[in-house]
Amino acid sequence: MSTLAVYPGSFDPITNGHVDIIARGARLFDRIIVAILVNAEKSPLFSMAERVEIAKAVFKDLPNVEVDTFEGLLVDYVERRDAQVIVRGLRAVSDFEFEFQMALMNRRLNDRIETVFMMPAEKYSYISSRLIKEVFTLGGRVHGLVPDMVEERLRQKVTKK
Ligand code: PNS
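Residues numbered from 1 in each chain as written. Predicted model: local features only at pLDDT ≥ 70, side-chain atom pairs only at ≥ 80, totals over all residues. Heavy atoms only, no water.

1. Description of the nonpolar core
The nonpolar side chains of a soluble globular protein tend to be buried, and buried together.
Next up, step 1: Judged by nonpolar contacts, the single largest core of 32 residues is most densely connected at I14, I22, I32 and V87.
Next up, step 2: Elements supplying a minimum of two residues to this core: strand 1 (4-9), helix 1 (16-28), strand 2 (31-37), helix 2 (48-58), strand 3 (65-70), strand 4 (85-89), helix 5 (129-137) and helix 6 (148-160).
Next up, step 3: No other element matches helix 1, which puts 4 residues into this core.
Next up, step 4: Beyond its immediate chain neighbours, meaning those up to four positions away, V87 contacts A5, V6, Y7, P8, I21, F29, I32, V116 and M118.
Next up, step 5: Of all hydrophobic cores here, the second largest spans 12 residues; its members include I33, L74, V78 and I86. (Core = buried A, V, L, I, M, F, W, Y, C linked by side-chain atoms within 4.5 Å. Buried < 20%, exposed > 50% of the residue type's maximum accessible area, 1.4 Å probe, protein only. Helix = DSSP H or I, 4+ residues; strand = E, 2+ residues; numbered from the N terminus. Contact = heavy atoms within 4.5 Å.)

2. As for the site of the ligand
Next up, step 1: Close to the ligand lie P8, G9, S10, L37, F70, G72, L73, L74, R88, M102, M105 and N106, which account for all nearby residues.
Next up, step 2: Note that an oxygen atom of the ligand is positioned 2.8 Å from one of the backbone N or O atoms of L74.
Next up, step 3: Within the side chain of R88, an N or O atom sits 2.9 Å from an oxygen atom of the ligand.
Next up, step 4: For the ligand, the protein covers 71% of the area, taking 550 Å² as the surface of the free molecule.
Next up, step 5: Judged by its atoms lying within 2 Å of the grid points, the ligand is housed in the largest pocket. (Near = heavy atom within 4 Å. Polar contact = N/O pair within 3.5 Å; in protein donor to acceptor, adjacent residues only side chain to side chain. Areas by Shrake-Rupley, 256 points an atom, 1.4 Å probe, with all protein chains shown as cover. 1 Å grid on protein atoms, 1.4 Å probe; cavity = no way out; pocket = protein on both sides within 12 Å on 5 of 7 lines; lining within 4 Å. Sits in = over half its atoms within 2 Å of the grid points.)

3. Let's talk about the environment of I86
Next up, step 1: Within the element layout of this structure, I86 appears in strand 4.
Next up, step 2: Owing to a relative accessible area of 1%, I86 belongs among the buried residues under this scheme.
Next up, step 3: Once the C-alpha coordinates of I86 and L74 are considered, the two residues, 12 residues apart in sequence, prove to be 8.9 Å apart.

4. Digging into the environment of V78
Next up, step 1: Within the secondary structure, V78 sits in helix 3 (residues 74-80).
Next up, step 2: What makes V78 buried here is its relative accessible area of 0%.
Next up, step 3: Remark: the alpha-carbon pair of V78 and L154, spanning 76 residues in sequence, is separated by 31 Å.
Next up, step 4: Those residues in contact with V78, other than ones at most four positions away along the chain, are V6, A83, I86 and I113.

5. Thoughts on the pairing of strand 1
Next up, step 1: For strand 1, the tally of buried residues reaches 6 of 6 residues, placing the bulk of the element in the interior.
Next up, step 2: With burial as the criterion, each face of strand 1 is covered, one bearing L4, V6 and P8 and the other bearing A5, Y7 and G9.
Next up, step 3: Sheet analysis places strand 1 next to strand 2, joined by 6 bridges and oriented parallel. Within strand 2, the residue paired with L4 across the bridge is R31.
Next up, step 4: Traced from strand 1 through helix 1 to strand 2, the parallel crossover comes out right-handed. (Pairing = 2+ DSSP bridges. Right-handed = clockwise from strand over helix to strand, strands pointing away.)

Structure representation (structure tokens):
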């Protein structure tokens with residue numbers, strides 16, 4: 001049986017922590033879908049089209065990584081895609097409580113789907129999309145923490161303001 005995993009998130013924007021987890025997931029599972037949640041935030045910095053475009057560009061050389069979008073309940077999307085696994089990243093103990101709640105709620109909603117937690121490389125353990133946006137907007141350096149394409153797009157957005 002081939003194993004299909006779904007890595008869901010807002011990815012506003014995708015960070016090198018996400019990229020690290022996806023690359024690890026691509027080695028572990030036959031296929032992994034990066035599933036970007038539609039309307040995760042009321043006013044995202046990156047549009048859905050941009051987030052899809054960036055993720056597709058970042059993973060263009062990994063043939064078993066697919067980029068897709070989803071709306072509604074995650075477990076319904078996972079079921080529709082015939083996937084068996086939800087992948088979530090755990091950076092620190094502080095992530096655990098919320099992730100544990102989500103994993104158990106998702107299990108209650110659909111017992112056939114397993115959540116698998118993966119740890120990113122330590123060097124990415126403190127990064128979040130929210131911090132990246134805040135630091136960059138205030139003039140801080142995010143080089144090496146996000147894909148080059150994200151850095152470039154952030155620069156364009158800040159200079160446009
Ligand atoms: O990157 P994020 O914001 O941490 O991702 C959160 C996400 C998208 C995984 C979560 O909000 C989600 O699954 N949303 C879809 C709606 C849903 O299924 N909610 C119940 C989760 S228990």
